[in-house]
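# Residue-level structural notes
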Amino acid sequence: MMSRRTIYDVTPLHVVVNDGTIRLAKANRLPDPVVNVGDSYSGNPPRPSTATRGFYIGVTQELPVLNRNQGEIARLKAIKAQLGIELTSTKNQATEEVVTAYQQLSAARERVELFQNQILPTSARVAKMARRAYEVGQSDINSTLAAQQANVQTKNAYLEAVRNYQQSLTDLEQAVGQPF
């Protein structure tokens, strides 16, 4: 029986998020300037006329002399390559699940058709002949009951084949992700 998953490990969304992170790391190679604006009040003089008030404006700029985010960008590119491989692997797993489920469904359908077209009619005919042989006195009750029991077991096997067909159909629907 194959394993059931509803969510795969890697989705195309992971790749898109990684691409955005790479763009952000590249954009952060040049740092943003910081602008400071404010007012200033200094001193606690004994007389109010000696207090100093004013405004200031300051700009701070980090110089990216050594930090160009090369390591972060390389790491994110490696993650992108890995995500691509994992996405391909996930697609292959999903394809394999669908193919396997379809093959199981085809085999179950063939088995049900075999029961309907050959096994059930033959079993019913044998049971009827055994009953008729008992009625005319050509066989004993034990062989007739054995034939009837074999007919019931054949019908049970047919019902099991139908159940397997239904389960195979459910497995295929689950592998495809939508009902038929």
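Now for a look at the structure at hand.

Conventions we followed
- Here the residue numbers are simple positions, counted from 1 along each chain's written sequence.
- Restriction of local features to residues with pLDDT of at least 70 applies here, the model being predicted, together with a cutoff of 80 or more for giving and counting side-chain atom pairs; totals for whole chains, interfaces and linings are based on all residues.
- As a rule here, side-chain values come from all non-hydrogen atoms in the structure, and water together with hydrogens is ignored.
- The helix and strand labels rest on DSSP assignments: H or I over at least four residues marks a helix, E over at least two residues marks a strand, and numbering proceeds from the N terminus.
- Each residue's exposure class comes from its accessible area (1.4 Å probe, protein chains only) as a fraction of the maximum for that residue type: buried when under 20%, exposed when over 50%, partly exposed otherwise.
- Here, Shrake-Rupley sampling with a 1.4 Å probe gives the accessible areas, and only protein chains in the shown set may cover a residue.
- In this analysis, two residues are considered to be in contact whenever any of their non-hydrogen atoms come within 4.5 Å of each other.
- Here the expected length of a helix is defined as 1.5 Å per residue gap, with one fewer gap than residues.
- This arc corresponds to the set of directions leading from the helix axis out to the C-beta atoms.
- Throughout, an axis means a line fitted to C-alpha atoms (over the contacting stretch in the case of helices), and angles, computed between N-to-C directions, take values from 0 to 180 degrees.
- Note on angle classes: values under 35 degrees are labelled roughly parallel, values over 145 roughly antiparallel, values of 65 to 115 roughly perpendicular, and the remainder oblique.
- Here a crossing is called left-handed whenever its near helix is offset anticlockwise from the far helix by less than a right angle, and right-handed whenever the offset is clockwise.
- Polar here means any residue other than Ala, Val, Leu, Ile, Met, Phe, Trp, Tyr, Cys and Pro, which are nonpolar, and Asp, Glu, Lys and Arg, which are charged; Gly is therefore polar.
- To qualify as a nonpolar core, a set must consist of buried Ala, Val, Leu, Ile, Met, Phe, Trp, Tyr and Cys residues joined through side-chain atoms within 4.5 Å.

### Overview of the overall build of the protein chain
The helix and strand inventory of the protein chain stands at three helices and two strands. Buried positions account for 20% of the 180 residues belonging to the protein chain. Split by element, the accessible area of the protein chain, about 13,300 Å² in all, is 56% carbon and sulfur.

### Here's the deal with the side chain of S123
Within the secondary structure, S123 is located in helix 2 (residues 70-135). We classify S123 as buried; its relative accessible area is 11%. Once residues within four sequence positions are removed from consideration, S123 is found in contact with A150, N151 and T154.

### Here's the deal with helix 1 (residues 12-27)
Every α-helix winds through 3.6 residues per turn, so residues three or four apart in the chain are directed the same way. For helix 1, which comprises 16 residues, the first-to-last C-alpha distance of 23 Å matches the rise-based estimate of 22 Å (1.5 Å per residue) to within 8%. For helix 1, the full list of buried residues reads V15, N18, I22 and A25. All buried residues of helix 1 lie within an arc of 80° about the axis, which places them on one face of the element. Turned more than 90 degrees away from the buried face of helix 1, the exposed residues are P12, L13, V16, R23 and L24.

### Details of the packing of helix 2 against helix 3 (residues 141-176)
It is the contact of helix 2 with helix 3, at a shortest axis distance of 8 Å, that shows an interaxial angle of 165°. Looking at the two axes, helix 2 sits roughly antiparallel to helix 3. Handedness of the helix 2/helix 3 crossing: left-handed. Tallied by class, residues from the contact of helix 2 with helix 3 come to 25 nonpolar, nine polar and six charged.

### Looking at the nonpolar core
Listed in full, the five residues of the largest apolar core are V112, F115, L120, Y158 and A161. Mapped onto this core, the elements with two or more residues apiece are helix 2 and helix 3. Among the elements that line this core, the one with the most residues is helix 2, at three residues. In this structure V112 touches Y158, A161, V162 and Y165, once residues within four positions along its chain are discounted.

### Observations concerning the environment of A25
Position of A25 among the secondary structure elements: in helix 1. The exposure class of A25 is buried, given its relative accessible area of 7%. In sequence terms A25 and R68 are 43 residues apart; their C-alpha atoms lie 9.1 Å from each other. Residues in contact with A25, not counting those within four places in the same chain, are N69, E72, I73 and L76.

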